[in-house]
Every structure is written in C-alpha cells, then in structure tokens.
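Report on the structure
What follows is each chain in one-letter form.
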Amino acid sequence: MSLAADSPVHSSSSDDFAAFLDGELSSASSAREEALDEDGQSSSPANEEAEDENASCAPEEEDEDEGDLESKRLKRPRMEQLEVAECFEESATDESLVHNSEASTSKEICTHPGSFGGMCIRCGQRVAEESGVTFGYIHRGLRLGNDEIVRLRNTDMKNLLRHKKLYLVLDLDHTLLNSTQLNHMTAEEEYLWSQTDSLQDVSKGSLFMLNLLQMMTKLRPFVRTFLQEASQMFEMYIYTMGDRQYALRMADLLDPRKEYFNGRVISRDDGTQRHQKGLDVVLGQESAVLILDDTEHAWAKHKDNLILMERYHFFASSCHQFGFNCKSLSELKTDENESEGALACVLKALRKIHHTFFDELEDSLDGRDVRQVLKTVRKDVLRGCKIIFSRVFPTQFQADNHHLWKIAEHLGATCTTELDPSVTHVVSLEVGTDKSRWAVKHNKFLVHPRWIEATNFFWQRQPEENFPVSQQKNEGSVPPNAE
Amino acid sequence: MFFHIVLERNMQLHPRHFGRNLRENLVSKLMKDVEGTCSGRHGFVVAITGIESVGKGLIRDGTGFVTFPVKYQCVVFRPFKGEILEAVVTMVNKMGFFAEAGPVQIFVSNHLIPDDMEFQSGDMPNYTTSDGSVKIQKDSEVRLKIIGTRVDATVIFCIGTIKDDFLGVINDPATA
Ligand SMILES: [Mg+2]
Ligand SMILES: [Zn+2]
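Note that this is a predicted model, so its numbers are computed, not measured.

**Brief notes about the overall build of chain A**
When its secondary structure is counted, chain A shows 16 helices and 17 strands. Looking at chain A alone, contacts between residues at least 24 apart form 64% of all its contacts between residues at least 6 apart. Accessible area of chain A: about 23,900 Å², with a carbon and sulfur share of 50%.

Structure representation (structure tokens):
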C-alpha cells in the first residue's frame, strides 16, 4: 500500500527542500560500507544511550553526509569518537584548513581549563567529566578547573574593584526570609491565608503562598531596601541549603526584575560538600567576600568572612524547630521593626566596611582584605568597654573560652575576671551576686548577657537599660525578634 | 546543518486506534513521539515531512497491541564541528556567554571571545570592545563557529568561538 503519497504532513515546500538536500548529499555516496562500519564501532556508550533505540536508519541516507571522507580517517587516532562530521574540516576551504591545523596543534598544549557538556571550553575536545568543580547553578553541564577558577577570580577582582564593589553571599532562610510548610502552620496562623500578597507583581508583597512547593514564605522586613542598597556596593550571590527549585523560587520573589543575582543562585545541589557551604563555587576572591548567614557552622572554613545574622523567625514552625516555646511573630500578629531591624543594622555595618575598604585604607587596592576590615569595624562597636561576668558561666569553666567572652572581645571590649574601678559593665543573670551589687553601688552598667548578643547582631552598642537583670531568673516568653 | 533523511521506527498502537483512521492515528502518534527529540546520530528531529512506508503490523501476544514498522522522511538538525551557526545569546557572565540555536546550547568561553572585548558586569552584563562599538549581551544575535558538539537525549551541547573573521554580533538588540 502506498501510504506515503497522501501523508498529511507532505507539503510542496518540504518536497523542494528534500529534493535540494538529496541532490546536495548524493555527491558523497561512494564509501557507504566503510562509513557504516566505522559508525557502528565508534558510537560511544553515552551516545548509544541517548539514541532512540527504535529509530534505525536507511543506510543510503544516513551516512551520505559523512561518506567517503570519513573512511579516509579510519587509520587516524580518533580523539572524538562521535564526530561523524569531521569530514567537514577536510572538505572546507583552504583558509579553514589552516585554522584547523592550528587547532590541532593547540590541542596538544590546551590545558582544558573547564568543560561544557563534557567538551573543553577552549578547544572543544572531549574531556573526562569528573575533573574540576561543577558550576551547575550557572548553566547545566558547566565545570571549571581550579586554575581557571583562579584566573577568573583574578580578572573579575580587578573589574569589580574598579567599580568599587565587593562580593556579598546571602543566605535565605532566617536571614532574608522565613518559610513554612503549609501543613506545619498552627491554628493561630490561619488568618495569614487570607493576607497573602499577589504573585502577579511580587515586587510589592512580602507574604506569599507557594502552592507548588506547599509553602508560605514571609520576606524579612526591610529586605527590598537592603537588596537595592547592597547591590550598589556588592556583587551578590544567594547561597542556600535549600534545593535548587526552592532557591530559584525565592530568588524570583526577592529579585523579580533579575537585577541583583543574574544566575548567581547557589543551592544545596550545587555545593561540593554535604552540610557545608563553601566559597569554592563562588567566583570571587576570598579576600573580597562577605557572607551573611544565621548558621555559623555551615561556614566552618570561612568564619572570617561571616557576618552572623540574628535569626528571623516569623512562623511558629520555625520557632519550634529552634526550640523556642513561645508565640511566634505571626501568632502575635507583629513583625520585626522595618527601620531598626537586623537587616537595617547590618546594612549600616556593610556600608561602614565598604567605606573603610575603599576610602580609608592606604595600601594598594589588591593588597586589601575585607576580612581584616570586618574585624576592625567590629572592634569599634564596644571600644572602651571593660566587662566582667558574674554567674554567666559555670565556675569551673575556662572563662576566656566562653562564646560571650569571645564575642565581647571581637566587639572591641576588654574582658576581665578582676573587679576594679575601670570596669564599665557587669554582665550577670542575677541581681543578687556580689559583682551585681557592686555594679549598682558604684553606678556601673548591670546588664543581661543578651546585651552582648544583641550588640553583636546589631553592630551597635545597645542601650543598656533595655537589658536589665531582673529579680527572678528571667527566661522570658518574648519571641526572639519581638521589639 | 539540516538534513532530509529517512528513518524507521517501530510504532506500537493500541487496538482502539484501529479502523478507518488507523493511518492517521499512526502518523499523529509518530509526530508526537519523534518531533522535537534528539538522537546522538542524527541530531534534533525538526519535522516529519512524509511517510515512506508502513510495514505489516505484528500483533503482540497478550496485549493486543500491534507493532508497525514505519519508515518516514524527516528534517533533522545537527551541528557539526567547523560549521558556522547563528544563535541568540541567553546569558552573559564572566566566564563567557551562552547562546541557543533551537535545541542547541552553545557556550562561548572568554578564551574564544576576541581579546579586545571586555566583560562588563552590572544588571545587563555584556562583552564590549574598548571603543564601545560592539556589544554582546542577552538577546544579541551572534554568528559563531562550532568547535565541538555533543548530542544528549534532549539537548545538543556545543562549544563555539567568535575569535575569527566575520564572527560575532550580527544584530544588537540595544541598537535595533
Ligand atoms: Mg539560614
Ligand atoms: Zn582543551
């Protein structure tokens, strides 16, 4: 039966096209047999898999494009098994022949700086998939070798410094926003369902229902201003322990016009180590990178780059996850302060660091290290304070090992264990201790340990009167972010 | 490069498709199954242009499905090493730029971008010559030369270069 004749997809134009191609191709049909053989042997396993197993070729058509020229190549070592069309090199003009011989000499010296789809990004040759670091967050199939990463960092650094910018790596959860699974929401949070903002124009909203992810997300107050302002001083990355889909969805909410991150969104799927975040996938020199994250231990290797954030817990599930048995901001129908919250304070600190880095340092630009600047700026916060602790650590505890002691010193305070008139602050959990009474008697500041923590998060000496030491041990029922 | 070739495929058809419209059903299923797919050997199947023949159906024991060997003509697209291709830039970054020509994903690394073009960051990252006359950014159309290809199940990866005469931007969206 002749089914071909009245095929519904037959059109005269495709007939013409077919005829043209047939004519063009029939000139190279001599060495079919060899070519077929060659083709049979040469398909790489990866290719075999990809191939549609049902589609077999009519031999007349299949190999005409590679025909006789391909057969001449049989004795040559084949660098690229799949390249059935290398004949094109030889049938090409003289000029491109010259180029190709150049290419083949450079093949020997090419160091294969990276790969895309398993091919070297410089010479196009096949390379082993395993080498280098994956940069899947930039594009599927992209890998870069260590030397290339170093080279890119160096050139990029110059470019960036010329624009008076540094790098800023931003965590998502509890730093820029808070998300909850819908089925983890409490009864007291149900009112939120009717208050979510439109997904049509996310640039104005801050509370979003994401049906696909079965999640609700609340952006941290001030985050839009923060990103806008920080983008003037930094090239920004998102780096989250969430998966890729979540990371991209959040990036859409934070950066709907794609002004800030331009493909620089790194998720758990893109890291090189489990449960760790690393700057190895960030194409910026470590001496120019700042990190904002609420989780210190994720950055074990880069503590000096880290600005630790106070956790933003909006939803009840988030409070519970971190062991707070208190009402969440959502349940109290309140939120962090917009203009004096954590992000606003950190932005001020970032401005100061940026300013110090570019406008105050004397040495040459490429000798500067933002980690050093971070330390110096932090040391200004409690400059001139002398702190003594009372009943804050267990008696047998090595005092200068305690994290509050360390934080206070990082903030520029002097810590001591000996009471003397130069002490300015007594940090205590109780009013009844000797040192506490001494403080009251000599008109020194008597503050709760939270004063140090808050000062650390806000990069600013907090008003002491806001952190009184109460009569009873005060483990408050106040949520961590409440004003 | 495009080719018009004949391919063969064994089509399985459910008995409910038998009857007067058997042939139409077979063809529309074929189009659905094949068009837009890639194979390592032939590249991307752009369109089926005709049916050469439908062989005798073979009834599958137990299921009632019938397998027809179908030979069909189709236009396939497969890039070759050395080929010049026109493509649309999809992403520009410090490593180079990515471009697309239909199903083909091409990467042009900054090793293969002329040395006088420099990367400019910002909300519209681009590569620009020092005199500013030529600019490559997202949505630019570029003419490039393929120096490596690899065909995957669904995409075709290529390495391209614009470091050669007559290659580079052919249409700049910023000035268009
Ligand atoms: Mg976090
Ligand atoms: Zn190479």
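**Observations concerning the confidence of the model for chain B**
Per-residue confidence for chain B gives a mean pLDDT of 91, with 97% of residues at or over 70. Of the two predicted TM-score estimates for the complex, the pTM is 0.77 and the ipTM is 0.86.

**A look at the state of the cysteines**
Residue and element names in this part refer to chain A. Across all of its chains, the model carries zero disulfides over all chains by this definition. Between Cys345, a cysteine without a disulfide, and Cys385, which holds the nearest cysteine sulfur, the sulfur-to-sulfur distance is 17 Å. With no disulfide of its own, Cys385 lies closest to Cys415 among cysteine sulfurs, the gap being 10.0 Å. On the accessibility criterion, Cys385 (3% relative accessible area) is buried.

**Side note on the UniProt feature "domain: RNA polymerase Rpb7-like N-terminal" (unreviewed entry) in chain B**
UniProt records the feature "domain: RNA polymerase Rpb7-like N-terminal" (unreviewed entry) for residues 8-64 of chain B in the present numbering. Secondary structure over residues 8-64 of chain B splits into 23% helix and 39% strand, and the C-alpha atoms at its two ends are 22 Å apart.

**Quick word on the environment of Ser267 of chain A**
Residues and elements named next belong to chain A. Assignment of secondary structure puts Ser267 in the loop between β11 (265-266) and β12 (289-293). Overall, the relative accessible area of 0% leaves Ser267 in the buried class. Residue contacts for Ser267: discarding those within four places in its chain leaves Thr240, Gly242, Asp243, Arg244 and Ala247.

**Comments concerning the UniProt feature "domain: S1 motif" (unreviewed entry) in chain B**
As annotated by UniProt and renumbered to match this structure, "domain: S1 motif" (unreviewed entry) occupies residues 79-159 of chain B. With 0% helix and 58% strand, the stretch residues 79-159 of chain B has end C-alpha atoms that lie 11 Å from each other.

**As for the coordination of the magnesium ion (ligand 1)**
Residues and elements named next belong to chain A. Within the protein, the atoms that donate to the magnesium ion (ligand 1) are Asp171 (OD), Asp173 (O) and Asp294 (OD), at distances of 2.1 to 2.3 Å. Each donor residue of the magnesium ion (ligand 1) lies on the same chain, and together they follow the pattern D-x1-D-x120-D. Linking Asp171 in the loop between β6 (166-170) and β7 (177-181) with Asp294 in the loop between β12 and β13 (306-308), this pair joins segments that are 123 residues apart in sequence. Each member of the pair, Asp171 as well as Asp294, is classed as buried.

**Overview of the coordination of the zinc ion (ligand 2)**
All names here are of chain A. Binding of the zinc ion (ligand 2) to the protein goes through Cys110 (SG), His112 (ND1), Cys120 (SG) and Cys123 (SG), at separations of 2.0 to 2.4 Å. Each of the four donor atoms bound to the zinc ion (ligand 2) contributes to angles spanning 102 to 114 degrees, and the resulting shape is tetrahedral. Look at where the donors of the zinc ion (ligand 2) fall in the sequence and you get C-x1-H-x7-C-x2-C. Taken as a pair, Cys110 in the loop between α7 (94-109) and β2 (114-116) and Cys123 in the loop between β3 (119-120) and β4 (133-134) lie far apart in primary sequence, 13 residues in all. With respect to class, Cys110 is no different from Cys123; both count as buried.

**Observations concerning the nonpolar core**
Nonpolar side chains in soluble globular proteins tend to end up buried together. Within the largest apolar cluster, 113 residues are counted, with the highest numbers of intra-cluster contacts made by Phe135, Leu168 and Phe226 of chain A together with Phe97 of chain B. In terms of residues, this core owes the most to one element, helix α12 (residues 342-360) of chain A, which gives 10 residues. Ignoring sequence-local partners within four residues, the contact set of Phe97 of chain B consists of Val89, Met91, Val92, Ile106, Phe107, Val108, Ile113, Ile136, Val142 and Ile162 of chain B.

**Describing the sheet that holds β7 of chain A**
All names here are of chain A. If you walk across this open sheet you meet the three strands as β7-β9-β8, and the pairing is antiparallel. Two strands close off the open sheet at either side, each with one partner strand: β7 and β8 (207-210). Adjacent strand axes in the sheet meet at a mean angle of 20 degrees when their direction is disregarded. Summarising the sheet, β7 and strand β9 (residues 215-219) pair through five bridges and their orientation is antiparallel. By the bridge assignment, Gln181 is partnered in β9 with Met215.

**A look at the UniProt feature "domain: FCP1 homology" (unreviewed entry) in chain A**
Those places that UniProt annotates as "domain: FCP1 homology" (unreviewed entry) correspond, in this numbering, to residues 161-332 of chain A. Across residues 161-332 of chain A one finds 17% helix and 20% strand; the C-alpha atoms that close the span lie 45 Å apart.

**Some thoughts on the domain arrangement of chain A**
Taken domain by domain, chain A consists of domain 1 (3-162), domain 2 (166-359) and domain 3 (379-466). Between the C-alpha centres of domain 2 of chain A and domain 3 of chain A the distance comes to 31 Å.

**Looking at the packing of aromatic side chains**
Taken as a whole and assessed by the stated rule, the structure comprises 15 aromatic pairs over all chains. When the ring of Tyr239 of chain A is compared with that of Trp299 of chain A, the centres are 5.4 Å apart and the planes differ by 80 degrees; the resulting orientation is edge-to-face. One end of the pair, Tyr239 of chain A, is in strand β10 (residues 234-239); the other, Trp299 of chain A, is in the loop between β12 and β13, and 60 residues separate them in sequence. The class for Tyr239 of chain A is buried, based on a relative accessible area of 2%. When the centroid spacing of 6.3 Å and the interplanar angle of 80 degrees are considered together, the rings of Tyr260 of chain A and Phe261 of chain A count as edge-to-face. Counting every residue linked through ring pairs, the aromatic cluster contains Phe116 of chain A together with Phe98, Phe107 and Phe157 of chain B. Over the face of the ring belonging to Tyr191 of chain A we find Lys333 of chain A, whose NZ or CZ atom lies 4.3 Å from the ring centre.

**As for the domain arrangement of chain B**
Residue and element names in this part refer to chain B. On domain assignment, one finds that chain B holds domain 1 (2-77) and domain 2 (84-171). Measuring from the centre of the C-alpha atoms in domain 1 to the corresponding centre in domain 2 gives 37 Å. In this assembly, six residues from domain 1 lie in contact with 10 residues from domain 2. Of the roughly 510 Å² buried where domain 1 meets domain 2, counting both sides, 80% is carbon and sulfur surface. If you sort the residues of domain 1 by the area they bury against domain 2, Cys38, Phe44 and Phe77 come out on top, with a joint share of 78%. Linking domain 1 with domain 2 are zero salt bridges, by the criterion used here.

**Looking at the sheet that holds β10 of chain A**
Residues and elements named next belong to chain A. Spatially, β11-β10-β6-β12-β13 is the arrangement adopted by the five strands of the open sheet, whose pairing is parallel. The open sheet has two edge strands, β11 and β13, and neither has a second partner. The strands that α12 touches are β6, β10, β12 and β13; relative to β6, the one it contacts most, it runs at about 155 degrees.

**Concerning the pairing of strand β9 (residues 117-120) of chain B**
Residue and element names in this part refer to chain B. Residues of β9 alternate between two faces, with Met117 and Phe119 buried on one and Glu118 and Gln120 left unburied on the opposite face. Here four bridges tie β9 to strand β10 (residues 126-129), and the two strands are oriented antiparallel to one another. Bridge pairing links Phe119 to Tyr127 in β10.

Definitions and limits used
Residues numbered from 1 in each chain as written. Chains lettered and ligands numbered in written order. Predicted model: local features only at pLDDT ≥ 70, side-chain atom pairs only at ≥ 80, totals over all residues. Heavy atoms only, no water. Helix = DSSP H or I, 4+ residues; strand = E, 2+ residues; numbered from the N terminus. Contact = heavy atoms within 4.5 Å. Areas by Shrake-Rupley, 256 points an atom, 1.4 Å probe, with all protein chains shown as cover. pLDDT = per-residue confidence, 0-100. Disulfide = S-S within 2.5 Å. Buried < 20%, exposed > 50% of the residue type's maximum accessible area, 1.4 Å probe, protein only. UniProt positions renumbered as here; feature names shortened; annotations may be inferred. Donors = N, O, S within 2.8 Å, 3.2 Å for Na, K, Ca; no water. Tetrahedral: all angles 85-135°; square planar, octahedral: opposite > 155°, others 65-115°. Core = buried A, V, L, I, M, F, W, Y, C linked by side-chain atoms within 4.5 Å. Pairing = 2+ DSSP bridges. Axes fitted to C-alpha atoms, helices over the stretch in contact; angles between N-to-C directions. Domains from an automatic or database assignment. Phe/Tyr/Trp six-rings, centres within 6.5 Å; stacked < 30°, edge-to-face > 60°. Lys NZ or Arg CZ within 6 Å of the ring centre and 35° of its normal. Buried area = accessible area lost by both parts, 1.4 Å probe. Salt bridge = Lys/Arg side-chain N within 4 Å of Asp/Glu carboxyl O.

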